[in-house]
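A closer look at the structure
Now for the letters of each chain:
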Amino acid sequence: MIRKQSADKKRETTPERAYEKLAALCSRSEKCEDDARRLMIRWEIAPDKRDEIVEKLVKEKYIDNGRYARAFVEDKLRFSGWGKYKIKSALRAKQIDGDIIDEAIAEFDEPDTSSERLRQMLEEKMRRTTAKNNYDMKGKLLRFAASRGFGFDEAIGAIEAVMGDDE
């Protein structure tokens, strides 16, 4: 019985310990305010203490939503092949301000690079996909592009470049 109590105490995270853990975590990788709040909810930190801890982390520059958004956008554009609509949606879900999102996307989004990347992904998808006819293939490619966060006009342009206009 004594062991169980000490194990419960060991798992309990105090606000001070939460701050230390978050500071260490933010030193290793970018986190946004929402990430920190979610962790503290999981650690069962009181709501008023959560706000204090986040404010302190922001003040001490462990957390910066702008820096986080720029890193997120760069990562998703470069390595995950996401389009700007999917990136915007993911950042909005993390409670990042719209102006910060727009600035981060504008900093990294190069339309020529984005279109070329989409075209390459569509070529690869087309090689792995079976379809009854061209119309069916275009529908599948359009859904694929939309799922990656690319706009309709950009997707149609890339699909036409990959398949040609023979309809």
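Preceding this section is the structure that the text describes.
The rules we used
Residues numbered from 1 in each chain as written. Predicted model: local features only at pLDDT ≥ 70, side-chain atom pairs only at ≥ 80, totals over all residues. Heavy atoms only, no water. Salt bridge = Lys/Arg side-chain N within 4 Å of Asp/Glu carboxyl O. Helix = DSSP H or I, 4+ residues; strand = E, 2+ residues; numbered from the N terminus. Buried < 20%, exposed > 50% of the residue type's maximum accessible area, 1.4 Å probe, protein only. Axes fitted to C-alpha atoms, helices over the stretch in contact; angles between N-to-C directions. Left-handed = near helix turned anticlockwise from the far one by under 90°. Contact = heavy atoms within 4.5 Å. Nonpolar A, V, L, I, M, F, W, Y, C, P; charged D, E, K, R; others polar. Polar contact = N/O pair within 3.5 Å; in protein donor to acceptor, adjacent residues only side chain to side chain. Phe/Tyr/Trp six-rings, centres within 6.5 Å; stacked < 30°, edge-to-face > 60°.

Describing the pattern of salt bridges
- Per the counting criterion, the structure on display carries 14 salt bridges.
- When the shortest N-O distance is used, the salt bridge between Lys-49 and Glu-52 registers 3.9 Å. Linking Lys-49 with Glu-52, this pair stays in helix 4 (residues 47-59), spanning three residues, or about one helical turn.
- Notably, a salt bridge pairs Lys-88 with Asp-102, separated by 3.6 Å at the nearest N-O pair. You can see Lys-88 sitting in helix 6 (residues 84-93) and its partner Asp-102 sitting in helix 7 (residues 98-108), a full 14 residues away along the chain.
- Residue Asp-102 is classed as partly exposed on the basis of its relative accessible area, which comes to 39%.
- By sharing partners, the salt bridges in this structure join Glu-33, Arg-37 and Asp-51 into a single network.

Focus on the packing of helix 3 (residues 33-42) against helix 4
- Where helix 3 meets helix 4, the closest approach of the two axes is 10 Å, and the angle between their N-to-C directions is 145°. Both helix 3 and helix 4 take part in a crossing whose hand is right-handed. Contacts from Glu-33, Ala-36, Arg-37, Met-40 and Ile-41 of helix 3 reach helix 4 at Arg-50, Asp-51, Ile-53, Val-54 and Val-58.
- Taken together, the residues that form the contact of helix 3 with helix 4 break down as six nonpolar, no polar and four charged.

Let's talk about unusual backbone geometry
- Positive phi, normally seen in glycine, also occurs at Glu-44, with a value near 60°.
- Its place among the elements puts Glu-44 in the loop between helix 3 and helix 4.
- Residue Lys-61 is not a glycine yet carries a positive backbone phi of 65°.
- Mapped onto the fold, Lys-61 is located in the loop between helix 4 and helix 5 (65-80).
- Residue Lys-61 is classed as exposed on the basis of its relative accessible area of 60%.

Brief notes about the environment of Lys-140
- Within the secondary structure, Lys-140 sits in helix 9 (residues 134-147).
- Taking C-alpha positions, Lys-140 is 9.4 Å from Thr-130, a pair spaced 10 residues apart along the chain.
- Not counting the four nearest positions on each side in its chain, Lys-140 is found in contact with Thr-129, Thr-130 and Ala-131.
- At 2.7 Å, the side chain of Lys-140 forms a polar contact with the backbone oxygen of Thr-130.

Here's the deal with the packing of aromatic side chains
- Under the definition given, this model contains three aromatic pairs.
- With 6.5 Å between their ring centres and 85° between their planes, Tyr-19 and Tyr-62 make a pair best called edge-to-face. Of the two residues, Tyr-19 sits in helix 2 (residues 15-28) while Tyr-62 sits in the loop between helix 4 and helix 5, which places them 43 residues apart along the sequence.
- Under the relative-accessibility criterion, Tyr-19 is labelled buried at 15%.
- The class of Tyr-62 is partly exposed, set by a relative accessible area of 28%.
- Measuring from centroid to centroid gives 6.1 Å for Phe-72 and Trp-82, while their planes differ by 70°, and the two rings are edge-to-face. With a gap of 10 residues between them, Phe-72 in helix 5 and Trp-82 in the loop between helix 5 and helix 6 connect regions that are remote in the sequence. Comparing Phe-72 with Trp-82 shows no difference in burial state: the two are buried.

Side note on the environment of Phe-144
- Tracing the backbone through its elements, the reader meets Phe-144 in helix 9.
- With a relative accessible area of 13%, Phe-144 lands in the buried category.
- As for Phe-144 and Lys-125, which are separated by 19 residues in sequence, their C-alpha atoms are 8.2 Å apart.
- Beyond its immediate sequence surroundings of up to four residues, Phe-144 is in contact with Met-121, Leu-122 and Lys-125.

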